[in-house]
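Residue-level structure breakdown
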Amino acid sequence: MGLDVVLYRVVRSAGPARRASYVPVEVVDDSDDVLLRLLTRVRGGGRTPLLDRFDPTGELVVSAEQAPRLLAELRCLAEVAASPAETARIRNLAALIRRCMRGHDVEIRLEGD
């Protein structure tokens with residue numbers, strides 16, 4: 001299955017249409033399903049409403065404005081982390097979220113298979 005968390009830079013074109021394109025900047029790869037298993041453990045408990053919206057076969061877009069909320073919910077994942085691999089993945093994801101919080105033209109996408 002897998003879940004990738006991707007930081008995208010939003011590039012808006014000039015002109016009246018103002019179309020946006022998205023350029024991947026950084027990826028936290030989850031081909032080994034570590035994040036997906038963590039999400040499954042905390043899902044539905046009411047403490048992670050943003051993460052609960054993620055569909056493993058779809059995509060969840062998190063704007064830079066929502067990034068602090070995502071970082072707060074990440075603490076719930078850290079509480080259930082049971083291995084060094086899970087802890088490392090959470091650290092990598094937290095760094096990506098903090099990078100998103102520093103930008104105004106970025107967004108994070110949780111991309112399922």
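Anyway, here's the lowdown on the structure attached to this text. (Residues numbered from 1 in each chain as written. Predicted model: local features only at pLDDT ≥ 70, side-chain atom pairs only at ≥ 80, totals over all residues. Heavy atoms only, no water.)

1. Looking at unusual backbone geometry
The backbone of aspartate 33 sits at a positive phi, close to 65°, despite the residue not being glycine. For aspartate 33, the location among the structural elements is in the loop between strand 2 (20–28) and helix 1 (34–42). With relative accessibility at 19%, the residue aspartate 33 sits in the buried group. (Helix = DSSP H or I, 4+ residues; strand = E, 2+ residues; numbered from the N terminus. Buried < 20%, exposed > 50% of the residue type's maximum accessible area, 1.4 Å probe, protein only.)

2. A word on the packing of helix 3 (residues 67–80) against helix 4 (residues 84–102)
At a closest axis distance of 10 Å, the pairing of helix 3 and helix 4 adopts a crossing angle of 170°. Taken together, the axes of helix 3 and helix 4 lie roughly antiparallel to each other. Touching Ala67, Pro68, Leu70, Leu71, Leu74, Leu77, Ala78 and Val80 of helix 3 are Glu86, Ile90, Leu93, Ala94, Ile97, Arg98, Cys100 and Met101, all from helix 4. A per-class count over the contact of helix 3 with helix 4 returns 14 nonpolar, no polar and two charged. (Axes fitted to C-alpha atoms, helices over the stretch in contact; angles between N-to-C directions. Parallel < 35°, antiparallel > 145°, perpendicular 65-115°, else oblique. Contact = heavy atoms within 4.5 Å. Nonpolar A, V, L, I, M, F, W, Y, C, P; charged D, E, K, R; others polar.)

3. Re the packing of aromatic side chains
Counted according to the given criterion, the structure contains zero aromatic pairs. The ring of tyrosine 8 has arginine 109 sitting right over it, with the charged end atom 4.6 Å from the ring centre. (Phe/Tyr/Trp six-rings, centres within 6.5 Å; stacked < 30°, edge-to-face > 60°. Lys NZ or Arg CZ within 6 Å of the ring centre and 35° of its normal.)

4. Some points on empty space enclosed by the protein
As enumerated under the stated definition, the model contains one cavity of 30 Å³ or more in all. Taken as a whole, the largest cavity spans an internal volume of roughly 30 Å³. For the lining of the largest cavity, the secondary-structure elements that each account for two or more residues are helix 1 and helix 3. Its residues placed into classes, the lining of the largest cavity shows eight nonpolar, no polar and no charged. (1 Å grid on protein atoms, 1.4 Å probe; cavity = no way out; pocket = protein on both sides within 12 Å on 5 of 7 lines; lining within 4 Å. Points joined across faces, edges and corners; volume = space filled by probe spheres on them.)

5. Quick notes on the nonpolar core
In terms of nonpolar packing, the biggest core is built from 30 residues, with Val5, Leu74, Leu77, Ile97, Ile108 and Leu110 touching the most fellow members. The contacts of leucine 74, once residues within four sequence positions are left out, are Ile90, Leu93, Ala94 and Ile97. (Core = buried A, V, L, I, M, F, W, Y, C linked by side-chain atoms within 4.5 Å.)

6. Some words on the state of the cysteines
Inspection of the entire model under this criterion finds zero disulfides. Considering cysteine sulfurs only, cysteine 100 is the nearest to cysteine 76, which forms no disulfide, with 19 Å between them. Residue classification places cysteine 100 among the buried positions, given a relative accessible area of 0%. (Disulfide = S-S within 2.5 Å.)

Honestly, that's just the spatial picture; any functional story needs more than this.
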